[in-house]
Amino acid sequence: METPESGPQTAQGEGAAGLTLADFPEATYERWRELVAGVLKKTGVEVDPDDPAPEETLATDTYDGVRLSPLYTAGDALDSGYPGLAPFTRGGRPHGSVTEGWEVRQQHRDPRPDRARQAVLADLENGVGALWLVCGGAGVPVGGIGEVLADVHLDFCPVTLEPGADYEAAAQELVRAWTDRGLPESAVAGGLGIDPLSVAARTGEPADVRGAARTAAAFAQRHPRLRLLTADATPYHEAGGSDAQELGAAVAAGVAYLRALTGEGMELAEAARRLEFRFAASADQFATIAKLRAARAMWDRVLEACDLDAADRPPMYQHAATSAAMATRRDPHVNMVRTTLACFAAGAAGADAVTVLPFDSALGLPDGFARRIARNTHALLAEESHLTRVVDPAGGSFYVERRTADLYGAGWEFFQDLEAAGGMAEALAGGLVAERVEEVWRRRRDAIAHRRDPITGVSEFPALDEAPIEREPLPGPEPAAAGGAALPRRRYAQEFEELRDRSDAHVAATGARPRVYLATLGPVAAHTARAAFAGNLLRSGGIETVGGDSTGGAAEAAAGFRESSARIACLCGSDALYAEHAAAAAAALKEAGAERVLLAGRPGAAPEEAPVDAFCFAGCDAPELLADLHDALGVVE
């Protein structure tokens, strides 16, 4: 580029004077691959010089088998259409969230209606625009719905229920609340949340889809703005399932509800308009964005297959709720960061309604501060971060478009499997859904246990001295049927948190935490990395670490252990130091009274003759190792 004053533009920086852009090599895909190969070699990765794609070493696979590449190019660009037009990949509204944002929907489930009423009013006075009432045994008593909504301007505030098996009684109570205010039936908005398939997934009981549709259809004509049935995918997410399984299950449930509603005489397009779909939004923002985009395209394909013209096909109405599975009880304030990322992803993906679960939701009933942070998360993203100023902010990204398409394919395949099994109700009752979800959970649990999927504040960087946060327990969930195919509710952090609970019980019983001495060998530079790694891993199981300050050999490490009052030691040093000193140091520690000696490193790092009992290393099964140490130290249950 030239200007009259300067002539050709030159590269800036020391030694670059006089160089033009033409003096530098052209930036090409091939040149980038050469640089990748060079970096991999420097890290010790063997690279075949004839390999045409060395970057594949850096690729990873999701739980659905979707390949995530390190670089995406124009070759991955896809035509996803336009916002507001079929297939609605880019959003169900042509203006996106630019004019009114997304619906800020707050969940309430306090079983005491008087307290729930106060919490609802505080939310509505401070930024919340819609309510999500969990009713029945898992939340607000059905008979208390009217009291909870006593201060709500129901002509302005949509109310959506999650009534579980009590959907008919809950719907009647909600309608009574509207009638008591004298509201026209055509004015009320929200949703009845009737969802027998999710109840079946949670409890293992058979789903009465036809009966639910009959109840829903009775409200349809009198309340034209009311959404009747909800296809909730969160039970499959909370059982440990994958994104594609969420997609397939939600679409299969939607198809089952379409069949049932049209069987009750409702027009197809009208039945589709009366459905709501709920998905989990996780801290994996790109996965969440791709999932919500793929869901809309999948649903549009279903309606197209039902012979609805593009002009008559309503877009999927999406409610995204931040993941309950990703929430932690330990270091719960980190959940604020997780839910912010999830809310961002849901908003960027074009969700119609978004719920941010309070950061303390895994501990029990949220307090006022937690609800305030939850609602302010929406305001920060929409108003301060200007997320709503762009229609489809993720659209056009090569990575997002490709991941959306790949996830669409995986989700559609699972949907076809469910339909081949006879539909969603049959797939649940026959155990197909539980079997598939369980298979993904086993792989997910393995990745969490081996810390390939880290959980900040729990499996990584735990704080043993954190002040506990106490909350009133949540109302009990729907009971599972004996011997049924009910899906469990899981949280990703639960296995580590159970170890931390056991450690806390030990402190309460004995006055001290279980303890391991870090026997460091050699200078600080030689042992600090492995000592830090071992300390971090041990603390994730509630085990306190002491020592870590010795810089000599076996004698110094053994002397430090004697003074520590610990019963187990962990050797920390470099491979070179292990080769020279590990055998003597482990023997000295055993002579000093160590009941077990661990080594921070992989098996084989120490000589075979070294009396080492176990190894802690990147990729080991951390909960298994930690539970074994608890048993060895006599940690109380």
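All figures in this text were calculated on a predicted structure; none of them were measured in a lab.

A. Representation of the domain arrangement of the protein chain within the structure. For the protein chain, the assigned domains are domain 1 (103-430) and domain 2 (496-633). For domain 1 and domain 2, the distance between their C-alpha centroids amounts to 47 Å.

B. Representation of the side chain of His319 in the model. Summarising the element assignment, His319 is placed in strand β11 (residues 318-322). At 3.0 Å, the side chain of His319 forms a polar contact with the side chain of Arg278. Separated by 2.8 Å, the side chains of His319 and Thr355 make a polar contact. With residues near it in sequence (within four places) discarded, His319 still touches Arg105, Trp132, Glu276, Phe277, Arg278, Phe279, Ala353, Val354 and Thr355.

C. Up close: the UniProt feature "domain: Methylmalonyl-CoA mutase alpha/beta chain catalytic" (unreviewed entry) in the protein chain. UniProt tags residues 62-131 and 147-471 as "domain: Methylmalonyl-CoA mutase alpha/beta chain catalytic" (unreviewed entry). For residues 147-471, helix accounts for 52% and strand for 10%, while the C-alpha atoms at its two ends are 23 Å apart.

D. A look at the pattern of salt bridges. Going through the model one piece at a time under the given rule, you end up with 53 salt bridges. Residue Arg117 pairs with Asp151 through a salt bridge whose shortest N-O separation is 2.7 Å. With Arg117 in helix α2 (residues 113-124) and Asp151 in the loop between α3 (145-148) and β7 (159-162), this residue pair connects regions lying 34 residues apart in the sequence. You can call Asp151 partly exposed: its relative accessible area is 32%. Sharing partners across several salt bridges, the network here consists of Arg329, Arg330, Arg491, Glu497, Asp501, Asp504 and Arg513.

E. Examining unusual backbone geometry more closely. Residue Pro87 is reached from Ala86 by a cis peptide bond, and omega for that bond is 10°. Following the sequence through the fold, Pro87 ends up in the loop between β4 (67-68) and β5 (103-108). You will see that Asp331, though not glycine, has its phi angle at about 50°, which is positive. Using a relative accessible area of 22% as the deciding quantity, one classes Asp331 as partly exposed. For Arg451, which is not glycine, the phi dihedral falls at a positive 60°.

F. Layout of the sheet that holds strand β16 (residues 596-600). As summarised here, the arrangement of the five strands in space is β14-β13-β15-β16-β17, forming an open sheet in which the pairing is parallel. Edge positions in the open sheet fall to β14 (544-547) and β17 (614-616), since each of these has one partner strand only. Pairwise comparison of adjacent strand axes, ignoring direction, gives a mean angle of 30° for this sheet. Across three bridges, β16 lies against β17 in parallel orientation. Within β17, the position partnered with Leu598 by the bridge is Ala614. Along the sheet face, helix α17 (residues 524-539) touches β13 (515-520), β14, β15 (568-572), β16 and β17 and points at about 170° away from the line of β13.

G. Quick look at helix α4 (residues 167-180). The terminal C-alpha atoms of α4 lie 20 Å apart, and with 14 residues this matches the ideal 20 Å at 1.5 Å per residue to within 8%. Those residues of α4 that sit buried are Tyr167, Ala170, Ala171, Glu173, Leu174, Val175, Ala177 and Trp178. Buried residues along α4 sit against α3, β7, β8 (190-194), α6 (209-220) and β9 (226-232). In the segment just after α4, Gly182 is the residue with positive phi, at about 75°.

H. Local environment of the sheet that holds strand β12 (residues 353-355). One closed barrel holds the eight strands; their spatial order is β5-β6-β7-β8-β9-β10-β11-β12, and the pairing between them is parallel. Averaged over all pairs of adjacent strands, the angle between their axes in this sheet comes to 30°, without regard to strand direction. As judged from the four bridges shared by strand β6 (residues 130-134) and β7, these two strands associate in the parallel manner. The residue of β7 that forms the bridge with Leu131 is Val159.

About the thresholds
Residues numbered from 1 in each chain as written. Predicted model: local features only at pLDDT ≥ 70, side-chain atom pairs only at ≥ 80, totals over all residues. Heavy atoms only, no water. Domains from an automatic or database assignment. Helix = DSSP H or I, 4+ residues; strand = E, 2+ residues; numbered from the N terminus. Polar contact = N/O pair within 3.5 Å; in protein donor to acceptor, adjacent residues only side chain to side chain. Contact = heavy atoms within 4.5 Å. UniProt positions renumbered as here; feature names shortened; annotations may be inferred. Salt bridge = Lys/Arg side-chain N within 4 Å of Asp/Glu carboxyl O. Buried < 20%, exposed > 50% of the residue type's maximum accessible area, 1.4 Å probe, protein only. Pairing = 2+ DSSP bridges. Axes fitted to C-alpha atoms, helices over the stretch in contact; angles between N-to-C directions. Expected span 1.5 Å × (residues − 1).

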